[in-house]
Amino acid sequence: MTALSTAHRLLPPYRQLTRLVPYLAVTAALCGTALPLLVGLDTFAIVSLYATVPILVASATYFVTNGSLAIDQPMAHPLSWLGMKLFVAIYFVVHATAVLLAATAEVRPFAYYGLIAFAAGLILFQILRSSLERSHVAVILLQTSLLLLGLIWSVTLKYDYFFGRTDVFPHHAFITELLSTNAITAAFEAYQPFPLWHLLVGFQAMLFDVDPLTLSYLTTGLLYGLVPIVIYALTRRFLFPKRTALVAALGVCFNPFVILYGMYSIPRSVTSFLTVFCLLVLLVEGRRAAALYLGLLGGIAVYHTVSLPFVFVVVGCWFVAERVVAATVDQSAAFPTVVEPWQLLAIPAIQAGYWLISGSEIVSRLVDLVSGETTFSAGSDGATLASQFVGAPYQELINYLVFGLIIFFVLVAVTQGHTALDLSQRGKALLLAALALATVSVPGPALLVGAVSDITPDMMFRFGQYTFPFISIAVGVGIVSVVRTNCPIGGQRARTAVVLLLVFSAAFLAVSNDFVASDNPLAEREDAYSFHLSEAETTSLTTLGERSEGAVTGDYVTCRYLDYPGNSGCGIIQADLTDDRLHFPAESVFVLRTGELERRPLSVYPTSEPVDEPPYSNNRDSVPSTAGLWNELPDRNKVYDSSEVSGYAAR
């Protein structure tokens, strides 16, 4: 750590600087809603309300209270140890009931989401009313970790094959290839230089003789079960009090990105976990901590080297925020900073070094991209998000509401946290960094970038899996600030009740939105697909892939599944959506996931004329069961039929 020293203050004091935030936020929110209306994009304006309304409410709260809060208010009638035991017992009963309900129901019902949200409310009540002795802190962290762990495993261990956004398919295939050949072969494709995740799971599979897919789910679940504990430690390192740190740890449980990547079980899931430790180690002085920091960056490079640019942005925002806070202080004494320039520059240096040594293929692809020989492709999901608003803006709005509550708490933290808590300079820098990172971690800006560039929303959404530590801490500060607000209406009990209601709502919306609960979402997104396959589907798809003499044609998920076990002949369904006409390739088995089509639309490649090897990863439309193009299938020769999948041959 270093110390900055200037003779005079370069910026206004921190409190005056944060007074600008409500005005800027309100201006941005109103423009974000008004501009789409002016250009005729009414659906975008509807969806933007998820952010506009919370921003207006948070700003209004600041203006009404005028930043007047009580610092370190004494807790009225804190819970006794007997009362604490009672609430802990209630929590375990509620959580056990939720687990039993998830295990026995065919799909997780809304009642499960309600029980999880209620359990989160019970934890928050303990945090706000407990005296926070050491044993209380340990019990609260245990409950928080179990809550997140149960939420993740309620999907990955319940359904036969959870695949998320389809990246689980290739990674599962790579691990299977490793176990069959005991070598890192060319079948690993671009991941041949980055096999650490596959080696980890493969080693466990050899040691315990357990299905590698199940081990993947168990491993990421256990890692993410530790995240609330690490977030608590990180928050304390930023010199926040215990109560705020515990609320921040709880806030992790209703961050959709944390839930999703805890389920996802791919290399990026591990790099998110390692990123939290990188931030924690940066707050520790000494050579050992510096060496550990470099080692963690090296681990991220080997697990998923493309994650390092996102880590660079997070640490870079922290670096800049510290310098901004330093400029607000009349520095007769030196201002201590955490992130040093070498720690920031080490990130691109390690990435470049590892690429040059082991990632020559990636370097070649980057050279081709710069020279214009290839085009940018940013992922396998998110390509059609903008089009969803045309037909289903209200469903999309419901799914984004949890992000609105996160924005609300972050704004409250930045504008009022410095008077609700005795913030350290570290804490002030964190809140400014969290505010900056929130702008790239919520859906609105991601969709805007995707609309004006070749970068897909999915690539922008990846920021959320690396920014969540700072945002969760800011959410914790915001929740505590609301409780301590000297609002002219209502006392402390009323404010506590409001906060409990808000957290219950945030938790319920987080666990029931279609980004993480595709099995039974509160509101189905129009162009989304189910994130899991049933046993009947996997059996049928594997059978058709293995026994078909020619090529196989199927929807996007079908092809992603069949492409990696070795059935490389799968081509995505091509359709003329204007004339409701399927392009049925000759000598191909047309595979239709009939069970999924009854529940959700299927992703196909839209084209007026058939094309060879379409780039369907970034150009897809979803077709529901009511579409006319499926009407011609009964006239085809059905060669396979099961409860979930049908196969058709050409005439």
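Structure shown above.
All values reported here derive from a predicted model rather than from experimental measurement.

**Let's talk about the overall build of the chain**
Thought 1: Along its length, the chain carries 26 helices and 13 strands.
Thought 2: In the chain, buried positions account for 57% of the 651 residues.
Thought 3: For the chain, contacts bridging at least 24 residues in sequence account for 76% of all contacts bridging at least 6.
Thought 4: On the chain, roughly 26,000 Å² of surface is accessible, and the fraction owed to carbon and sulfur atoms is 63%.

**Quick word on the packing of helix α12 (residues 267-282) against helix α13 (residues 287-304)**
Thought 1: Relative to each other, α12 and α13 sit at 165°, their axes nearing to 9 Å. The angle between α12 and α13 falls in the class roughly antiparallel. As α12 runs across α13, the sense of the crossing is left-handed. Judged by residue contacts, P267, R268, V270, T271, L274, T275, F277, C278, V281 and L282 of α12 engage A289, L292, Y293, L296, L297, G299, I300, Y303 and H304 from α13.

**Observations concerning the state of the cysteines**
Thought 1: Evaluated as defined, the whole model comprises one disulfide.
Thought 2: The partner cysteine of C559 in its disulfide is C570, sulfur to sulfur 2.2 Å. Judged by the sign of its S-S torsion, about -75°, the cystine formed by C559 and C570 is left-handed. Of this pair, C559 sits in helix α25 (residues 556-563) while C570 sits in strand β6 (residues 570-572), placing them 11 residues apart in sequence.
Thought 3: Of the residues examined, C559 reaches a relative accessible area of 0% and is grouped as buried.

**Here we look at the pairing of strand β13 (residues 646-649)**
Thought 1: Judged by which residues are buried, β13 turns out to be covered on both faces: S646 and Y648 on one side and G647 and A649 on the other are all buried.
Thought 2: Pairing geometry for strand β9 (residues 588-592) and β13, over three bridges, is antiparallel. The residue bridging L592 from the neighbouring strand is S646, located in β13.
Thought 3: Strand direction decides the pairing type here: strand β12 (residues 637-641) and β13, joined by four bridges, are antiparallel. Looking at β13, one finds that K638 is bridged to Y648.
Thought 4: Taking the residues that link successive antiparallel strands as the turn, the β12-β13 hairpin has four residues.

**Things to note about the sheet that holds β12**
Thought 1: Across the sheet, which stays open at both edges, the five strands sit in the order β6-β5-β9-β13-β12 with mixed pairing between neighbours. Because the sheet does not close on itself, it has two edges, and the strands there are β6 and β12. On average, adjacent strands in this sheet sit at an angle of 30° to one another, irrespective of strand direction.
Thought 2: The strands that α25 touches are β5 (551-554), β6 and β9; relative to β6, the one it contacts most, it runs at about 160°.

**Focus: the packing of helix α24 (residues 535-547) against α25**
Thought 1: Their axes nearest at 10 Å, the elements α24 and α25 cross at an angle of 65°. Relative to α25, the crossing made by α24 is right-handed. Facing α24, whose interface residues are T538, L541, T542 and G545, α25 presents T558, Y561 and L562.
Thought 2: For the contact of α24 with α25, the per-class residue count stands at three nonpolar, four polar and no charged.

**Observations regarding the packing of aromatic side chains**
Thought 1: Summed over the entire model, instances satisfying the criterion amount to 34 aromatic pairs.
Thought 2: When the ring of Y293 is compared with that of W342, the centres are 6.4 Å apart and the planes differ by 85°; the resulting orientation is edge-to-face. On the criterion of sequence distance, the pair formed by Y293 in helix α13 and W342 in helix α15 (residues 341-358) is long-range, its members being 49 residues apart.
Thought 3: For Y293, a relative accessible area of 1% puts it in the buried group.
Thought 4: The interplanar angle of 50° and the centroid separation of 6.1 Å between the aromatic rings of Y529 and Y556 together place this pair among those described as tilted. In this pair, Y529 is assigned in the loop between α23 (492-512) and β4 (532-533) and Y556 in helix α25, connecting sequence segments 27 residues apart.
Thought 5: Residue Y529 is classed as buried on the basis of its relative accessible area of 4%.
Thought 6: Residue class for Y556 comes out buried when judged on its relative accessible area of 1%.

**Considering the pattern of salt bridges**
Thought 1: Counted according to the given criterion, the structure contains 14 salt bridges.
Thought 2: As a salt-bridge pair, E644 and R599 come within 3.8 Å of each other at their nearest N and O atoms. Here the residue E644 occupies a position in the loop between β12 and β13, and R599 occupies one in helix α26 (residues 594-599), the gap between them amounting to 45 residues.
Thought 3: E644 gets classed as buried once you look at its relative accessible area, which sits at 16%.
Thought 4: The salt bridge involving D641 is made with K638; its shortest N-O contact spans 3.9 Å.
Thought 5: Given the relative accessible area of 41%, K638 is considered partly exposed.

**So, helix α3 (residues 81-104)**
Thought 1: For α3, which comprises 24 residues, the first-to-last C-alpha distance of 35 Å matches the rise-based estimate of 34 Å (1.5 Å per residue) to within 8%.
Thought 2: Of the residues making up α3, those classed as buried are G83, M84, F87, V88, Y91, V94, H95, A98 and A102.
Thought 3: In this structure, the buried side of α3 is in contact with α4 (110-129) and α5 (134-156).

**Some details on helix α6 (residues 168-181)**
Thought 1: The terminal C-alpha atoms of α6 lie 20 Å apart, and with 14 residues this matches the ideal 20 Å at 1.5 Å per residue to within 8%.
Thought 2: What α6 keeps buried is the set V168, F169, P170, H171, H172, A173, F174, I175 and L178.
Thought 3: Directly beyond the C-terminal end of α6, a positive phi value near 55° is found at N182.

Each value, and the rule that gives it
- Residues numbered from 1 in each chain as written.
- Predicted model: local features only at pLDDT ≥ 70, side-chain atom pairs only at ≥ 80, totals over all residues.
- Heavy atoms only, no water.
- Helix = DSSP H or I, 4+ residues; strand = E, 2+ residues; numbered from the N terminus.
- Buried < 20%, exposed > 50% of the residue type's maximum accessible area, 1.4 Å probe, protein only.
- Contact = heavy atoms within 4.5 Å.
- Areas by Shrake-Rupley, 256 points an atom, 1.4 Å probe, with all protein chains shown as cover.
- Axes fitted to C-alpha atoms, helices over the stretch in contact; angles between N-to-C directions.
- Parallel < 35°, antiparallel > 145°, perpendicular 65-115°, else oblique.
- Left-handed = near helix turned anticlockwise from the far one by under 90°.
- Disulfide = S-S within 2.5 Å.
- Pairing = 2+ DSSP bridges.
- Nonpolar A, V, L, I, M, F, W, Y, C, P; charged D, E, K, R; others polar.
- Phe/Tyr/Trp six-rings, centres within 6.5 Å; stacked < 30°, edge-to-face > 60°.
- Salt bridge = Lys/Arg side-chain N within 4 Å of Asp/Glu carboxyl O.
- Expected span 1.5 Å × (residues − 1).

Fair warning: the whole summary comes from geometry, so function is off the table for now.
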